[in-house]
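# Coordinate analysis (summary)
Each chain, letter by letter, is given below.
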Amino acid sequence: MEYDPQLSTSLTDNIDTLHRLLPLEKSFDLVTRDLYLGDTKAYWLGVNGFCKTEILQQIFSDLQNPIYTKDDHVEDILRYMNAKIGYAQATLTGSWDEILRNVLSGPSVLFIDGFSQAILIDVRTYPTRGVAEPDSERITKGARDGFVETMLFNANLIRRRVRSPQLTFAIHSVGAESKTDVTIAYLADTVNKELLQTLSDTIDQLNVTSLTMGAKSLEELLVRKRWWTPLPSIQMTERPDVACSYLLEGHILVIVDNSPVVLILPCTIFQFTQSAEDYYKSPLTGGYFRLVRFACIPVSLLLMPVFLLITAYYPQVADRWQLLSTEGLTPLRLIIYVFVVEFILDLFKYSASVSSSRFSGSLSIVGGLIIGDIAVSLNWASTEVLFYAAVTLLASLSLSSIEFSDALRIYRIFLIAATAFFGGYGFLIGVCLVLVSVIATPTFGGMSYFWPLFPFNGKALSTLLLRRPTSKAQPSRVWNRGKVHKS
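These numbers come from a predicted model, not from an experiment.

## Quick look at the packing of aromatic side chains
The final tally for this structure, using the stated rule, is eight aromatic pairs. With a centroid separation of 5.7 Å and 75° between ring planes, the pair formed by Trp-44 and Phe-60 is classed as edge-to-face. Here the residue Trp-44 occupies a position in strand 2 (residues 40–47), and Phe-60 occupies one in helix 2 (residues 53–63), the gap between them amounting to 16 residues. Accessibility expressed as a relative area gives 7% for Trp-44, which makes it buried. Relative to Phe-450, the ring of Tyr-449 has its centre 5.6 Å away and its plane inclined at 80°; by these criteria the two rings are edge-to-face. Considered together, Tyr-449 and Phe-450 belong to a single accessibility category, that of buried residues.

Set out below in structure tokens:
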């Protein structure tokens, strides 16, 4: 639709343009009012539900009160705005694109006859839920708040914890149709300037219709991955305390409106082994559980493939180590048992995640007991396979990052399939291919996915592997992670 990008001085022409650009008479949530400011005609437009009605009523009541507004005619719109509208953030604009973007985001607009500028009145409010603790990152102690779908609330949660004058929130708009607000949060004195500039340029150059799935869609746009690299390339969190701890270490936060998830850049593989729970315990206890979590990574990845390899292809070793108590199990039956049990455990995990929280726990436990017992009784599975599969599941659930755990699950299924079809050679080749996939995992800006192991930084690595006291955990300066590689 062709239209003059700038406003006209005629209020009638501006109203006609609004009717061409917006479905004012068809969409019930677009609210308009014809007003008189003394003897000067005016026109107001807003979205019902996005504006604080009480404040707007007070503003318009004052603007139309002959005692309050002694001027019959508005002669200087800037002076009028500064003198008469004192209840909210108000700015002038003469661009239709800016008016449309703001009105559809929440602020309302006031047109005044005789001026080629309009007043944007920001008294927006959004429907939102409480800042409750996120289910996916629960801890036994510590803060119980979490990010929500409103970007302004998320910025407030960060600002409340980091009251530094260097904290900056730079806003961008993404999506030709959705016009989704995306904010980059950083500390100006510690941020990697090169990475920040690369991120800002990349977001501004994104050519997409909308961010359909919020932060997840933006993540996939920022880092283009191949199908055979399932490991996450950007860390995401719903906890403000976690986000702020990374922010103070020089990281960059990306907040997407309508998404309760915050992206953390840059990213390394070791970030997915961290948990806020470690820092709400004593250093010794937190360090112990961190080491346990590290041990769960190889258990989750290799336990079932190694068990299948030994029992199916090296039965004499299995007999010596007493890995199987059930006699007469052929390699084919063992392979079928392993695949069936893996599928059933995935089914339990998925059903528990999508079921109501009141039933998910009991559903998983009761279902596992009943189906496991029946499967063993009917010789559809063996007790050993169920045991090792249960240990594998527990190891997977102990990992703090769901995306990292799911990626290990994909690798484990691949190793099981390679071992089942090709035996020992298949297992070795599968492990090599998994390592290649891990090494080839891309990151934003091309920074090392394995820092501080490569490039090596012993002090930073010890901080990641062990839970150090608070006085020694934070570096005296931001870690140097290497140069940014522009794609």
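## Re the nonpolar core
Formed by 28 residues in total, the largest nonpolar core has its most connected members in Val-182, Leu-199, Leu-218, Leu-222, Ile-252 and Leu-263. Elements represented by at least two residues in this core include exactly strand 7 (180–187), helix 6 (193–204), helix 7 (215–222), strand 9 (252–256) and strand 10 (262–265). Counting residues in each nonpolar core, the second largest holds 22 residues, with Phe-294, Ile-297, Leu-301 and Phe-450 among its members.

## A look at helix 16 (residues 458–465)
Within the sequence span of helix 16, burial applies to Ala-460, Leu-461, Thr-463 and Leu-464. Projected down its long axis, helix 16 carries its buried residues within an arc of 160°, all on one side.

## Description of the environment of Tyr-36
Looking at where Tyr-36 falls in the secondary structure, it is placed in strand 1 (residues 30–37). The exposure class assigned to Tyr-36 is partly exposed, which follows from its relative accessible area of 46%. Spatially, the C-alpha atoms of Tyr-36 and Ile-112 are 9.1 Å apart, while their sequence positions differ by 76 residues. If we ignore the near neighbours within four places in the chain, the residues touching Tyr-36 are Lys-41 and Gln-64.

About the criteria used
Throughout this description, residue numbers start from 1 for each chain and increase along the sequence as written. In keeping with the model being predicted, local features are shown solely for residues with a pLDDT of at least 70 and side-chain atom pairs are shown and tallied solely at 80 or more, while totals for entire chains, interfaces and linings include all residues. The basis for the side-chain values is all heavy atoms of the structure; hydrogens and waters are excluded. A pair of aromatic rings is counted whenever rings of Phe, Tyr or Trp (Trp by its six-membered ring) have centres within 6.5 Å, and the orientation is called stacked for planes under 30 degrees apart, edge-to-face for over 60 and tilted otherwise. Helix and strand definitions here come from DSSP, where helices need a minimum of 4 consecutive H or I residues and strands a minimum of 2 consecutive E residues; each element is numbered from the N-terminal end. Here the term buried applies to any residue with accessible area under 20% of the maximum for its type, exposed to any over 50%, and partly exposed to those in between, with areas from a 1.4 Å probe on protein chains only. Here the nonpolar core consists of buried residues drawn from Ala, Val, Leu, Ile, Met, Phe, Trp, Tyr and Cys, with membership extended through side-chain atoms lying within 4.5 Å. In this description, the arc belongs to the directions extending from the helix axis to the C-beta atoms. Any two residues having at least one pair of non-hydrogen atoms within 4.5 Å are treated as being in contact.

Just distances and angles here, no functional claims.
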